[in-house]
Number of protein chains: 4
Amino acid sequence: MKNTFGNNISLTLFGESHGEAIGAVIDGLCAGIEVDEEYIKNQLSKRRPSGNTDTPRVEMDEYKIVSGVFNGKTTGTPIAIIIPNTNTNSKAYNYGIARPSHADYTAYVKYDGCEDYRGGGHFSGRITAALVCAGAILLQALKGIGVKIGTHILSCGKESDVSFSVASCDVEREIDKLNARVCDAIPFLSDCSDKIREAINNASKNKDSIGGVLQTAIVGMPAGVGDPWFDSVESMLSHVLFSLGGVKGVEFGSGFEMSKMYGSQANDVFRYDEKGQVYTETNNNGGINGGITNGMPIVFNSAIKPTPSIGKMQETIDFINKTNTQLEVKGRHDPAIVRRACVVVDSASALVMCDLLASAYGTGVFKRGIK
Amino acid sequence: MKNTFGNNISLTLFGESHGEAIGAVIDGLCAGIEVDEEYIKNQLSKRRPSGNTDTPRVEMDEYKIVSGVFNGKTTGTPIAIIIPNTNTNSKAYNYGIARPSHADYTAYVKYDGCEDYRGGGHFSGRITAALVCAGAILLQALKGIGVKIGTHILSCGKESDVSFSVASCDVEREIDKLNARVCDAIPFLSDCSDKIREAINNASKNKDSIGGVLQTAIVGMPAGVGDPWFDSVESMLSHVLFSLGGVKGVEFGSGFEMSKMYGSQANDVFRYDEKGQVYTETNNNGGINGGITNGMPIVFNSAIKPTPSIGKMQETIDFINKTNTQLEVKGRHDPAIVRRACVVVDSASALVMCDLLASAYGTGVFKRGIK
Amino acid sequence: MKNTFGNNISLTLFGESHGEAIGAVIDGLCAGIEVDEEYIKNQLSKRRPSGNTDTPRVEMDEYKIVSGVFNGKTTGTPIAIIIPNTNTNSKAYNYGIARPSHADYTAYVKYDGCEDYRGGGHFSGRITAALVCAGAILLQALKGIGVKIGTHILSCGKESDVSFSVASCDVEREIDKLNARVCDAIPFLSDCSDKIREAINNASKNKDSIGGVLQTAIVGMPAGVGDPWFDSVESMLSHVLFSLGGVKGVEFGSGFEMSKMYGSQANDVFRYDEKGQVYTETNNNGGINGGITNGMPIVFNSAIKPTPSIGKMQETIDFINKTNTQLEVKGRHDPAIVRRACVVVDSASALVMCDLLASAYGTGVFKRGIK
Amino acid sequence: MKNTFGNNISLTLFGESHGEAIGAVIDGLCAGIEVDEEYIKNQLSKRRPSGNTDTPRVEMDEYKIVSGVFNGKTTGTPIAIIIPNTNTNSKAYNYGIARPSHADYTAYVKYDGCEDYRGGGHFSGRITAALVCAGAILLQALKGIGVKIGTHILSCGKESDVSFSVASCDVEREIDKLNARVCDAIPFLSDCSDKIREAINNASKNKDSIGGVLQTAIVGMPAGVGDPWFDSVESMLSHVLFSLGGVKGVEFGSGFEMSKMYGSQANDVFRYDEKGQVYTETNNNGGINGGITNGMPIVFNSAIKPTPSIGKMQETIDFINKTNTQLEVKGRHDPAIVRRACVVVDSASALVMCDLLASAYGTGVFKRGIK
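Analysis parameters
- Residues numbered from 1 in each chain as written.
- Chains lettered and ligands numbered in written order.
- Predicted model: local features only at pLDDT ≥ 70, side-chain atom pairs only at ≥ 80, totals over all residues.
- Heavy atoms only, no water.
- Helix = DSSP H or I, 4+ residues; strand = E, 2+ residues; numbered from the N terminus.
- Buried < 20%, exposed > 50% of the residue type's maximum accessible area, 1.4 Å probe, protein only.
- Contact = heavy atoms within 4.5 Å.
- Areas by Shrake-Rupley, 256 points an atom, 1.4 Å probe, with all protein chains shown as cover.
- Least-squares fit on C-alpha atoms with pLDDT ≥ 70 in both.
- Buried area = accessible area lost by both parts, 1.4 Å probe.
- Salt bridge = Lys/Arg side-chain N within 4 Å of Asp/Glu carboxyl O.
- Polar contact = N/O pair within 3.5 Å; in protein donor to acceptor, adjacent residues only side chain to side chain.
- Axes fitted to C-alpha atoms, helices over the stretch in contact; angles between N-to-C directions.
- Left-handed = near helix turned anticlockwise from the far one by under 90°.
- Nonpolar A, V, L, I, M, F, W, Y, C, P; charged D, E, K, R; others polar.
- Patch = residues over 30% accessible without salt bridge, like charges linked within 9 Å, V, L, I, M, F, W, Y side chains within 5 Å.
- Lys, Arg positive; Asp, Glu negative; His and termini not counted.
- Charge placed at Lys NZ, Arg CZ, Asp CG, Glu CD.
- Core = buried A, V, L, I, M, F, W, Y, C linked by side-chain atoms within 4.5 Å.
- Pairing = 2+ DSSP bridges.
- Phe/Tyr/Trp six-rings, centres within 6.5 Å; stacked < 30°, edge-to-face > 60°.
- pLDDT = per-residue confidence, 0-100.

So, on to the overall build of chain A. Along chain A, the regular secondary structure elements total 10 helices and 18 strands. Relative to its 371 residues, chain A shows a buried fraction of 69%. Across chain A, the fraction of contacts at a sequence separation of at least 24, relative to all contacts at a separation of at least 6, is 72%. Of the roughly 12,100 Å² of accessible surface on chain A, 47% is carried by carbon and sulfur atoms.

On to the relation of the copies chain A and chain D. Turning chain A through 180 degrees and shifting it by 0.0 Å along the axis lays it on chain D, with an RMSD of 0.0 Å. Taken together, these values place the two copies in the relation of a two-fold axis. Rotation axis and chain A: the residue whose C-alpha lies nearest the axis is A:Thr12, separated from it by 4.2 Å.

Contacts between the two partners involve 44 residues from chain A and, on the opposite side, 44 residues from chain D. Both faces considered, chain A and chain D share a buried interface measuring about 3,200 Å² in area, 63% of it formed by carbon and sulfur atoms. Area buried by chain A at its contact with chain D is led by A:Met1, A:Phe70 and A:Cys114, which between them contribute 17% of it. Ionic pairing is found between A:Asp112 and D:Lys367, a salt bridge with its closest N-O pair at 3.9 Å. Taken together, the links from chain A to chain D amount to 10 residue pairs in polar contact (both at pLDDT 80 or more). Among the elements that take part in the side of chain A that touches chain D, strand β2 (residues 10-15) of chain A stands out by supplying 5 residues, more than any other.

Residue and element names in this part refer to chain B. Remark: helix α6 (residues 233-241) packs on helix α9 (residues 338-361), axes separated minimally by 9 Å, with the N-to-C direction vectors making an angle of 140 degrees. As for how α6 packs across α9, the hand of that crossing is right-handed. Mapping the contact onto sequence places Val233, Met236, Leu237, Val240 and Leu241 in α6 and Val345, Ala348, Ser349, Leu351, Val352, Met353, Asp355 and Leu356 in α9. Of the residues belonging to the contact of α6 with α9, the class tally is 11 nonpolar, 1 polar and 1 charged.

Let us look at unusual backbone geometry. Of note, A:Asn71 is a non-glycine position whose phi angle comes to about 55 degrees, a positive value. The phi angle at B:Ser101 is positive, at roughly 70 degrees, despite the residue not being glycine. Assignment of secondary structure puts B:Ser101 in the loop between β7 (79-84) and α2 (104-111). By relative accessible area, B:Ser101 is classed as buried at 5%.

A few words on a positive patch on the surface. Residues A:Lys158, A:Lys260, B:Lys158 and B:Lys260 make up a contiguous surface patch of positive charge. Following the sequence through the fold, A:Lys158 ends up in the loop between β8 (148-156) and β9 (159-160).

If you look at the biggest cluster of nonpolar residues, it comprises 162 residues, and the most contacted ones within it are C:Met353, C:Phe366, D:Met353 and D:Phe366. Here this core gets 17 residues from one element, more than from any other, and that element is helix α9 (residues 338-361) of chain C. Leave out the neighbours within four places in its chain, and C:Phe366 touches C:Ile9, C:Leu29, C:Cys30, C:Ile33, C:Ala141, C:Leu142, C:Ile145, C:Cys354, C:Leu357 and C:Ala358. Counting residues in each nonpolar core, the second largest holds 160 residues, with A:Ile26, B:Ala141, B:Leu142 and B:Ile218 among its members.

Between chain A and chain B, the residue contacts involve 100 residues of the former and 99 residues of the latter. Taken over both partners, the interface formed by chain A and chain B buries close to 8,300 Å², and the fraction arising from carbon and sulfur atoms is 61%. By the criterion of area lost to chain B, the three top residues of chain A are A:Trp229, A:Phe230 and A:Lys248, representing 12% of everything that side buries. For the interface between chain A and chain B, the tally reads 6 salt bridges. Ionic pairing is found between A:Arg271 and B:Glu315, a salt bridge with its closest N-O pair at 3.3 Å. Summed over the shared surface of chain A and chain B, the result is 55 residue pairs in polar contact (both at pLDDT 80 or more). Sort the elements by how many residues they give to the side of chain A that touches chain B and helix α6 (residues 233-241) of chain A lands first, with 6 residues. For the side of chain A that touches chain B, the per-class residue count stands at 43 nonpolar, 39 polar and 18 charged. As judged from the 3 bridges shared by strand β11 (residues 247-252) of chain A and strand β11 (residues 247-252) of chain B, these two strands associate in the antiparallel manner. Within the sheet, the bridge partner assigned to A:Gly249 lies in β11(B) and is B:Glu251.

All names here are of chain A. Tallied over the full model, the rule gives 38 salt bridges over all chains. With its nearest N and O atoms 3.8 Å apart, the salt bridge here joins Lys41 to Glu38. Of this pair, Lys41 and Glu38 both sit in helix α1 (residues 37-47), separated by 3 residues, roughly a single helical turn. Assessed through its relative accessible area of 43%, Lys41 is described here as partly exposed.

This part covers the sheet that holds strand β16 (residues 298-304) of chain B. Taking strand neighbours across the sheet as the criterion, the 10 strands line up as β9(A)-β8(A)-β10(A)-β16(A)-β11(A)-β11(B)-β16(B)-β10(B)-β8(B)-β9(B) in an open arrangement whose pairing is antiparallel. Only two strands of the sheet have a single neighbouring strand rather than two, namely β9 of chain A together with β9 (159-160) of chain B. Both strand β10 (residues 212-219) of chain A and strand β16 (residues 298-304) of chain A contribute to a ladder of 7 bridges, which runs antiparallel. Bridge pairing in β16(A) links A:Leu214 to A:Ser302. Running over the sheet, α6(A) touches β11 and β16 of chain A together with β11 of chain B and is turned about 160 degrees from β11(A).

Taken together, the buried positions of helix α2 (residues 104-111) of chain D are D:Asp104, D:Tyr105, D:Thr106, D:Ala107 and D:Tyr111. Once α2(D) ends, the next one or two residues include D:Asp112, with phi positive near 55 degrees.

Residue and element names in this part refer to chain A. In spatial order, the strands read β1-β2-β3-β7-β4; together these 5 strands make up an open sheet with antiparallel pairing. In the strand order of this sheet, the two ends are held by β1 (4-5) and β4 (64-67), each with one partner. Against the sheet, helix α3 (residues 128-143) makes contact with β2, β3 (21-27), β4 and β7 (79-84), and its axis sits at roughly 30 degrees relative to β3, the strand it touches most.

Attention now goes to the side chain of D:Ser10. Positionally, D:Ser10 belongs in strand β2 (residues 10-15). When residues no more than four places from it in sequence are discounted, the contact partners of D:Ser10 are A:Met1, D:Thr4, D:Phe5, D:Val25, D:Ile26, D:Asp27 and D:Leu351.

Here A:Thr106 shows up in helix α2 (residues 104-111). The class of A:Thr106 is buried, set by a relative accessible area of 0%. A polar side-chain atom of A:Thr106 sits 3.0 Å from the main-chain carbonyl oxygen of B:Asn289. Those residues in contact with A:Thr106, other than ones at most four positions away along the chain, are B:Gly224, B:Asn289, B:Ile292, B:Thr293 and B:Asn294.

Residue and element names in this part refer to chain C. Following the criterion strictly, the structure yields 42 aromatic pairs over all chains and no others. Taking the centre distance of 4.3 Å and the plane angle of 25 degrees together, the rings of Tyr95 and Tyr117 count as stacked. On the criterion of sequence distance, the pair formed by Tyr95 in the loop between β7 (79-84) and α2 (104-111) and Tyr117 in the loop between α2 and α3 (128-143) is long-range, its members being 22 residues apart. Residue Tyr117 is classed as partly exposed on the basis of its relative accessible area of 29%.

Take the environment of C:Asn85 next. Residues and elements named next belong to chain C. With respect to the element layout, Asn85 can be found in the loop between β7 and α2. For the pair Asn85 and Asp61, spaced 24 residues apart in sequence, the C-alpha separation works out to 8.0 Å. There is a polar contact of 3.3 Å between the side chain of Asn85 and the backbone oxygen of Ser17.

For the rest of this paragraph, the subject is the confidence of the model for chain A. Averaged over every residue, the pLDDT of chain A is 89; the share at 70 or more is 87%. For this predicted complex, the interface confidence score (ipTM) comes to 0.94, while the overall pTM stands at 0.95.

Residue and element names in this part refer to chain C. Burial analysis of strand β2 (residues 10-15) places 6 of its 6 residues in the buried class, the great majority of the element. Taking every second residue as pointing to the same face, both faces of β2 are buried, with Ser10, Thr12 and Phe14 on one and Leu11, Leu13 and Gly15 on the other. The sheet contact formed by strand β1 (residues 4-5) and β2 spans 2 bridges and is antiparallel. Within β2, the residue paired with Thr4 across the bridge is Thr12. Between the end of β1 and the start of β2, which pair antiparallel, lie 4 residues, with Gly6 showing a positive phi angle near 125 degrees. Between β2 and strand β3 (residues 21-27), which pair antiparallel one after the other, the connecting turn spans 5 residues.

This is the structure in structure tokens:
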């Protein structure tokens, strides 16, 4: 439903880039979950621009939890988070000049010219700060019952991070190790291969931008969660992932590569391990069979398009004056959002995992534990 | 919500492969839409196995519309469709032997051993017959207001259909031509390249299976439909697409390829044509900016994994006896479902387009026309 | 959502009075619940006309469960129920003559003249046969965890059933006795006071009809179920109750009478009993405080308007010819539906209780028991 | 869904009485609706205590619209409203002493002792300030297309306001006059009969409280809005009305009184007036037939229980120490909330009307007008 997602644990997003504030409301999370504000701040810091390759607009994201948390714990009623916009730009906007690949034109058509166009308005990536803040609370709830999520940069432009991939782990047997590797790998640029950093810097120098692919692993999810058809784990995850501005592709497990395999290659062989636990020898299905978790890590990739805002001169339209025109986007922008997007994908995934677990076991699962 | 999807026009699916019947309920479609039963039958025929490469289970899909249609038109109340299962198999099933990449094991965990396991039960691709039947009604409603959907096989295994691709059309200017090409291309095997047919036959001979990528184009959607965030066109479409059994990847426009481009390459330049209509010179964004249609064709690809059921001997588990075992799937199965899946993707897409249009303009849009 | 209700356990209704079939789909009920077909038949029999005061249209309600039940138990996937219409009337209908207090005119306006008007179409009380059938399955699920629902006729026309009322029981201490009294009291006319039977017969003789008030008690619900605001127990129950054709008023506990009390009279005093169980000395709040169950019986009354179809000549309009006219409804109709409506209210209430319990404890509550 | 209601236009509520802030998010309202802040302030003033009979906690309700409004008009994206809590009470609370008829005990059970109990927390009537603020925006949207809502005190305790009742108007013919009477009657105590004022004062003197019945009329709604079954106008309205703390009964039209009538008395005779407009000679059905508006005023009554907080000594439990105890609620409280509740009911009704209209005509109805 538009700006609300989730069956049992839901998230509502609101706000515009240059309005008073952005924010989020989490509903349905059970009472008694500890809220660690340091953790929230740390998650927000992962989303903030840093270093010389990101946008210079640095806001400290002074979020405020205005309801739903009492004595450091969730109350079970809606958790409302407000992040005031402090660094809003009062400069004149070129309203009417559609930035290519942005929502300027489509917003104009949909909202009849009444949209808050400043800085992308409600379409701005800034809204994801509220998502990250909410996601931090949800990630803590998940962590409390042994579910962990991690996202790293699999590739950026044409460069892959050859130093690491979920596929290269012995995922079937080494879940804990995998968990550590993915979750500990705070995906700052320092963790990227030199080639990726170079690619970003080159794009930046050319007043251009670059995209990439993020890979996410979720470990600790029990088998049996999700549903066939419309509440499949893939459906729920992709729904939220595709709500993020730059995501143009999502694939689970081996995804598009799987379409090129033979069945005998793609099928994940089930086995019992020595402890009587079921695992699969490969994980081409990304931990999901028939829409339901099979106990293996949930693995998926998200394709991020290059940041639409570039410094180069671009052809476009002026939809107010109804003419073709040109545009040179002023100011500095992220040449690549892949690094900052990792924590956003983690947060979006946390929403889905929380909702799926609450649907399967009741919302009390976060206090009682699984089963 | 589990087996129901849609905000204003919703679809509910039910049934098991070898139970009494499968079916669907469409709710929210306005009164007065003509229902052409010949069209429904024709759509169902596209989903039926045919030729020597498909499964020999041929059911005539004798659907019955038991409510919601009166004097050949929709009444505005729920349209319930029942398709009895006539060719159910009474043979003993190897319950407990998990077919790799199937939902046997996950269903067992989720449903505590109470699932109807016969022929895949509720997870069976057979349920898509009900979706196609419902989709046929929705596609007619769309056609009445100028929206058309078509899906073709972009690749199968490692072979691409080089004879055709949405990307190779002059999509910006030749929407009608594109529409004709995609929609007229009834994607029977006869339309595939020889290489694709050969690949399928080879897989079949080797008791193996093969996947592929389907490409879909939707034309005639006005600009301004969809929403930022959770009701983005991408979110809604991917939600339904990933509810289909074999889909493991979805990408819009240039999708994963776009993640390798520079912004200056990826950005779709807006232009006014001589009639004052807005178009984009490229369509890397697949007709969607910020979750909202921009008036260009909506284009997306769906990665279909190879059919899990193969004749080859496979290692797996017996989850009743809790041991490792082997499995040789008996009977003949589809070596590739890419051909039959095209109409299923069209139907799923029709549900989303109808719902998005009803959300934007009210459900009466199908009688009044757009705006 | 139109014809679907419920967050975690949902019901979808479809069908028209004189179409092919009516039916229902239950979604979300967990696997492994036993389905007792004798119980379903018995419930349906309570809704059927009987004796000389009901409509002579007797259909045997040959329901068929076409999915979701396997080996006598629920599978966890959608339970679809079909009830074919066998006794449909082929006589000419006076289409255009709006029966007063019926939906003929409003349906015509809403559906632009495309509605299936025969016998009330989708508005017909006949649809409640599907609700009762679905409700029977849900009532069994509730019974398995100790929750029971019973409805009796509190008044009919101006006559009250002085022999029985929830308020006259010692509800705080004698829950089991209450339960027995309400639930065992199969509310056939034989259980009504002579005055009520006489009132109905008099209405019938005068070609008129009569309404009444039904009182429902639900026992066995644990404290702590429901939510403040929009998922309050009152909100959820009233939502479904007011979806039933003849219901024009709903009150919880002492309801409208409570509006005349002083706070010192109306407040229910909390007490611990000797076993340390909390109860309230009165139950003016009907077992609900702040939208959440307090462990006392949930008690509510539903006002049923007199059956709109009467034999007397009535003034009305012909909305096709746009003139005032007169109408004499032919055939025989129920002079009162209060008796037949009891099981319908039980069924509707069962849907809400199941959904609330699933939301509070997870859908598995029906197998695991409460907590 | 818990704290969110509405299919196409939804409202999310959050906040606790003594937390940082309360607030609301409206989603789905179309772009371009003018937001008159004076009107919002005026609506809030109707809800504020005034005179010597109300609670002395007076907060100026300094609301802030932090998103969704730009240049004085709605943008079409979520409208978030924040009302900081300034007059929060830092005094020690008797946590564990269950105030009778309040949610203290049920909240404790549901939230495992983690609830924010201060001043009723999320259950507090204070949350309705956010609802009134949101409702003011929705009422303006309705007014723009000719729909008006008014609520007055029909009775208070055992005293009726004999000077006015919807039933006493010639509602069929004098819609505008009715509208004026209901809507202009700003239901301050000054408009009440002397007897009602006296009853409230007497309750106050006796350290007691008193309830009442509110009557609401909605005029200007076109015929054909709403749905049979779960989206019936009655279902939707009662759902939201029963989410309000003190409401224990809701009846439409003649409601419970109708259950005592004969069909020949209760049936509303349809007629064409001289202009060819359909009306009914009586309005026992409250403007709704089969769940759908018939063009007559929508009329309903809400039973408000006496304010639970009274100054008299009351028996109750201490649920922390698990003993019976006594309670004397300190401070001064509203002896009656009927006056302040009128604008709350108007606001709740506005949400439902907006949602129903958006569902019937699309959300753009508020700009385009009806049809």
